[in-house]
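# Architecture at a glance
Here are the chains, one letter per residue:
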Amino acid sequence: MQFPESWLREFCDPALSTAELAETLTMAGLEVEELKPVAPPFRHIVVGEIKEAAQHPNADRLRVCQVDVGQPELLAIVCGAPNARAGIKVPCAMVGAELPPGEDGQPFLIKVGKLRGVESFGMLCSARELKLSEDHGGLLELAADAVVGQNIRDHLLLDDTLFTLKLTPNLAHCLSVYGVAREVSALTGAPLKTPAFPKAHCALTDVLPVKVSAPDLCGRFSGRIIRGVNPKAATPAWMVDRLARCGQRSVTALVDISNYVMFELGRPSHIFDLDKIHGGLDVRWGRAGESLKLLNGNTVTVDAQVGVIADAVQVESLAGIMGGDATAVSDDTANIYVEAAFWWPKAIAGRSRRFNFSTDAGHRFERGVDPELTVEHIERITQLVLEICGTSATVCGPADDQQVAMPQPAKVTLRVARAARVLGMPLTQAQCVKALTGLGLPVTEGDGLIEVTPPSYRFDLQIEEDLIEEVTRMIGFHNLPQTPPQAPITAKLRPENQRSPFAVRRALAALGYQETINFSFVDERWEHELAGNPEPIKLLNPIASQMSVMRSSLLGSLLQVIKFNQDRKAQRVRVFELGRVFLHDASVVSSDTTVQGFDQPMRVAGVAMGPVDAPEWGCKERPVDFYDVKGDLEALFAPIRLSFEPAQHPAMHPGRCARVLCAGSEVGYIGELHPKWRQSQDLVQAPVMFEVDLEAALARPVPRFEAVPRFQAVERDIAVLVAESVTHNALMQAIWAAPCGGILRDAVLFDIYRPKPQAVDAQNLVPEKSMAIRLTLNAQDATLSEQQIEEAVAAVVATLSEKVAARQRV
């Protein structure tokens, strides 16, 4: 909420500087987000009156103006503004004046100049040159009663400060200048000037028929007919200025009056063109199929969940949000109907967001607006209408007030001892009473108890903790003691056989991957097709239609990151994410860290696309493949050995996907992106991806001492013929299962040979391949004998023959 300090001080003027006032508000919970001067610094600019404006002798677009600035002689000033004419009063920068700083940060100094041969002793200014607005269409024309020679800062009240408050939803009573002033009075003890609402003289008996059909929508509806207004009347400069300083542009006088009262007193209202209303008004819930063209030009369709104000023919307004175009006031309006109502907050909350816009009225009504002062605020609007738009023919009708469902205040009890315990400081009953009565809250005292009946404008006071917060605000958050915690602090040590998630992040970063953090909300289509999850967890109130379910896999988010980078010409992309996924699981029970029926495991996933290495002169560029990412995954888990089995995954290529096993248990998947997803994302290359359980990646074996072998290792190479279907994993499992007497230290596949297809067909044999393995043998206690070596090699060959039907090549 934004407002000028001068307006606030008209209601309450404490003996505090601007900075002190801002600090006081912030420490009371009304955070001052920004303090901004109304105008930048400048000097020697006064009100000047153009007495004469003659054509420049040497320029068609310039005029030589004789300007009265309150000095004995007129100043000759050359001006090129299109509205420079005799009789108007404008800002005049005299010789020696300093205009606001430009882009270089230096003020612009006015000197005696010569334009096309004519001397100019000053400068006539536009609003943009004074940095009061972006209007550069001509000179800033001042009011006719402006005093010639008066400092322009004094005339336009430019030595003012704009306060911008960041209010929490429970401070709806501070969404007006008067509401903030009420808080300042309570905080500082400065007197509060309560506005008066004189009743207008009613020369009419006309009353517009109004029916409130939905008491759960509208608790009170007040209105008044005013006839014979002048809609073309100009909004006074003081009102235009105050609205502008609140961030509201001037529209027309009638609209400006309604907005002004909203900023002043916090009550949104609406002014209808009376002659455009058919019959009476009906305040009700909408009906399916009804539509309404709003003041902002949008046409919306309502339903039974949206409140409306309708006449005998059509819907005329969205209740508590925005008026309709059909009954809007215009230059032809002669008779108006002023409406002020109390709308139940729950009936307004969230309605405007359904139509993808928000309004100041909806913002206030969904938080709660005082239901007691609708008639008084109509009197205030009537007063301003008569002053600004009134004519000799203007007459008013009586204020019609219907109270159908007024909120009933519920008493709230504060226990002084509990307040002291919550705040962690000594607190007396007298202190609490002083704080609450200072806020204008009626209190009844008991023995250690204070009973409060919340006033009508305090919708937020419902439980004891609300009263404790009010006491705290009046004491000041900065005055609360800083008490260190008394509970013993015990360090939570991680088991030695487990590393931290940060260690996993660092390991992946060392492998060349960059971490990303993505939303847990994803497109429902991703879950069905990419993750193979037919029943994703749906959100009740998604922030966007394409983010309607909770993710059960990290791969979709990473695929979106890959697409984002490719669209921006990134050639080599390696990204990972460590995050939580969400799954239905009826076995999960509620606890401090779980929610019944939902499993929320942590996973780590990575995607690589583009060249294996950054461009360099020493090797040729090649694209990343399955085995590169498999090596990264093995490096992440090292020294734990992983195994891989062919598998199927909805996101991955059917023939280039593997299940990741750790100690015989499935922990994830690795593979190349499925061709249909590559095509749908328009990727130039199929990325390779993996996703594994984080818990498995955190495990690590405890280091154990092993003596360095004192004797030389022996290497033996063997080559075996196996069927084409035999995998590297199956081969290695067979080798390590061989009874070698504990001397087998390592086994590495270093060559694969496949015979030519013609030879295979000619011999009518099953397709085979030759796999060459290097065995490393060593013993701790002695040098290996030739017999031991031959026995170990024979054991490996025999085991291979038994388990994978291998035969040794000769």
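Scroll up for the structure.
Attention here is on the structure that accompanies the text. (Residues numbered from 1 in each chain as written. Predicted model: local features only at pLDDT ≥ 70, side-chain atom pairs only at ≥ 80, totals over all residues. Heavy atoms only, no water.)

What follows deals with unusual backbone geometry. In this structure, Pro639 follows Ala638 across a cis peptide bond, with omega equal to 10°. In this structure, Pro639 sits in the loop between helix 17 (626-637) and strand 34 (642-646). Residues other than glycine seldom take positive phi values, yet His44 does so here, at roughly 60°. With respect to the element layout, His44 can be found in strand 3 (residues 43-55). His44 sits in the partly exposed class, given a relative accessible area of 42%. Of note, Ala663 is a non-glycine position whose phi angle comes to about 55°, a positive value. Mapped onto the fold, Ala663 is located in the loop between strand 35 (652-662) and strand 36 (665-673). Overall, Ala663 belongs to the exposed group, its relative accessible area being 77%. (Helix = DSSP H or I, 4+ residues; strand = E, 2+ residues; numbered from the N terminus. Buried < 20%, exposed > 50% of the residue type's maximum accessible area, 1.4 Å probe, protein only.)

What follows deals with the nonpolar core. In terms of nonpolar packing, the biggest core is built from 49 residues, with Phe3, Leu25, Ile336, Val385 and Cys389 touching the most fellow members. Mapped by element, the contributors of at least two residues to this core are helix 1 (5-11), helix 2 (18-27), strand 11 (161-166), helix 4 (177-188), helix 5 (237-245), helix 6 (253-265), strand 21 (335-343) and helix 10 (374-389). Of the residues forming this core, the biggest block, eight residues, is contributed by helix 6. Those residues in contact with Val385 that sit more than four places away from it in its chain are Ile226, Val229, Leu254, Ile257, Ile336 and Gly390. With 36 residues, the next largest nonpolar core counts Cys218, Ala319, Ala347 and Phe365 among its residues. (Core = buried A, V, L, I, M, F, W, Y, C linked by side-chain atoms within 4.5 Å. Contact = heavy atoms within 4.5 Å.)

Spatial strand order, 24-26-25: three strands in an open sheet with antiparallel pairing. Taken across any chain shown, the strands that pair with only one partner, and hence form the sheet edges, are strand 24 (412-415) and strand 25 (443-445). When the angles between neighbouring strand axes are averaged without regard to direction, this sheet yields 25°. Note that strand 24 and strand 26 (residues 449-452) share four bridges and pair antiparallel. Bridge pairing in strand 26 links Val412 to Val452. (Pairing = 2+ DSSP bridges. Axes fitted to C-alpha atoms, helices over the stretch in contact; angles between N-to-C directions.)

A word on the packing of helix 2 against helix 4. Geometrically, a packed helix pair is captured by the angle between its two axes and the distance between the axes. Two numbers describe how helix 2 lies on helix 4: the axes approach to 11 Å, and their chain directions differ by 95°. Of the possible angle classes, the one that applies to helix 2 and helix 4 is roughly perpendicular. Residues Leu21, Thr24 and Leu25 of helix 2 pack against Val180, Val184, Leu187 and Thr188 of helix 4. Counted by class, the contact of helix 2 with helix 4 contains five nonpolar, two polar and no charged residues. (Parallel < 35°, antiparallel > 145°, perpendicular 65-115°, else oblique. Nonpolar A, V, L, I, M, F, W, Y, C, P; charged D, E, K, R; others polar.)

Turning our attention to a nonpolar patch on the surface. The grouping of Val95, Val112 and Phe121 at the surface amounts to a nonpolar patch, some 220 Å² of accessible area in total. Within the fold, Val95 resides in strand 6 (residues 89-99). When its relative accessible area of 42% is taken as the criterion, Val95 is described as partly exposed. (Patch = residues over 30% accessible without salt bridge, like charges linked within 9 Å, V, L, I, M, F, W, Y side chains within 5 Å. Areas by Shrake-Rupley, 256 points an atom, 1.4 Å probe, with all protein chains shown as cover. Salt bridge = Lys/Arg side-chain N within 4 Å of Asp/Glu carboxyl O.)

A few words now on the packing of aromatic side chains. Under the definition given, this model contains twelve aromatic pairs. A centroid spacing of 5.5 Å and a plane angle of 85° characterise the contact between Trp238 and Tyr260, whose relative ring orientation is edge-to-face. Residue Trp238 is found in helix 5, and its partner Tyr260 is found in helix 6; the two are separated by 22 residues along the sequence. Arranged with centres 6.4 Å apart and planes meeting at 25°, the rings of Phe355 and Phe357 form a pair that is stacked. Exposure remark for Phe355: the relative accessible area of 16% places this residue in the buried category. By relative accessible area, Phe357 is classed as buried at 13%. Here a set of aromatic residues connected by ring pairs shows up, and it is made of Trp7, Trp238 and Tyr260. Arg153 extends its terminal NZ or CZ atom over the ring of Phe42, reaching a point 4.7 Å from the ring centre. Taking NZ or CZ as reference, Arg505 lies 5.0 Å from the ring centre of Phe502, over its face. (Phe/Tyr/Trp six-rings, centres within 6.5 Å; stacked < 30°, edge-to-face > 60°. Lys NZ or Arg CZ within 6 Å of the ring centre and 35° of its normal.)

All right, on to helix 10 then. For an α-helix, the turn length of 3.6 residues means that residues three or four places apart are oriented alike. An ideal rise of 1.5 Å per residue puts 22 Å on 16 residues; helix 10 measures up with 21 Å between its terminal C-alpha atoms. Burial analysis of helix 10 places twelve of its 16 residues in the buried class, which makes it a mostly covered element. Buried within helix 10 we find Thr374, Val375, His377, Ile378, Glu379, Arg380, Ile381, Thr382, Leu384, Val385, Ile388 and Cys389. (Expected span 1.5 Å × (residues − 1).)

Of all the positions in helix 11 (residues 416-423), only Val416, Ala419, Ala420 and Leu423 are classed as buried. The buried residues of helix 11 all sit within an arc of 100° when viewed along its axis, so they share a single face. Those residues of helix 11 that are exposed and aimed more than 90 degrees away from the buried face are Ala417 and Arg421. Tucked into the core, helix 11 has its buried residues touching strand 24, helix 12 (429-438), strand 26 and helix 13 (464-475). Residue Gly424 follows helix 11 closely and has a positive phi angle near 70°. (Arc of directions from axis to C-beta.)

Our focus in this paragraph is the environment of Phe357. Within the secondary structure, Phe357 is located in the loop between helix 8 (351-354) and helix 9 (360-365). Each C-alpha atom, one on Phe357 and one on Val78, is 48 Å from the other, the two residues being 279 residues apart in sequence. Excluding its chain neighbours within four sequence positions, the residues that come into contact with Phe357 are Leu294, Asn296, Asn298, Leu318, Ile321, Met322 and Ser352.

With that out of the way, let us pick up the packing of helix 20 (residues 728-736) against helix 22 (residues 786-804). It is at 8 Å that the axes of helix 20 and helix 22 come closest, and there the two elements cross at 130°. With respect to each other, helix 20 and helix 22 are oriented oblique. Remark: the crossing between helix 20 and helix 22 carries right-handed chirality. When helix 20 is examined against helix 22, the residues Ala730, Leu731, Ala734 and Ile735 are found in contact with a partner set consisting of Val796, Thr799, Leu800, Lys803 and Val804. (Left-handed = near helix turned anticlockwise from the far one by under 90°.)

We now examine the pairing of strand 3. Direction of pairing for strand 3 relative to strand 6: antiparallel, over a ladder of six bridges. Pairing of Gly48 across the sheet is with Val90, part of strand 6. Inspection of the sheet shows strand 3 paired to strand 4 (residues 63-68) by six bridges, in the antiparallel sense. Bridge pairing in strand 4 links Ala54 to Val64.

Considering all chains together, one arrives at 44 salt bridges under this definition. For Arg284, the salt bridge is made with Asp282, and the minimal N-O distance between the two is 3.8 Å. Take Arg284: its relative accessible area is 8%, and that puts it in the buried class. Salt-bridge contacts for Glu577 lead to Arg551; the nearest nitrogen and oxygen are separated by 3.1 Å. Of the two residues, Glu577 is situated in strand 30 (residues 573-580) and Arg551 in the loop between strand 29 (549-550) and helix 16 (555-567); the sequence distance between them amounts to 26 residues. You can call Glu577 buried: its relative accessible area is 2%. Salt bridges linked by common partners bring Glu183, Arg458, Asp460, Glu470 and Arg473 together as one network.

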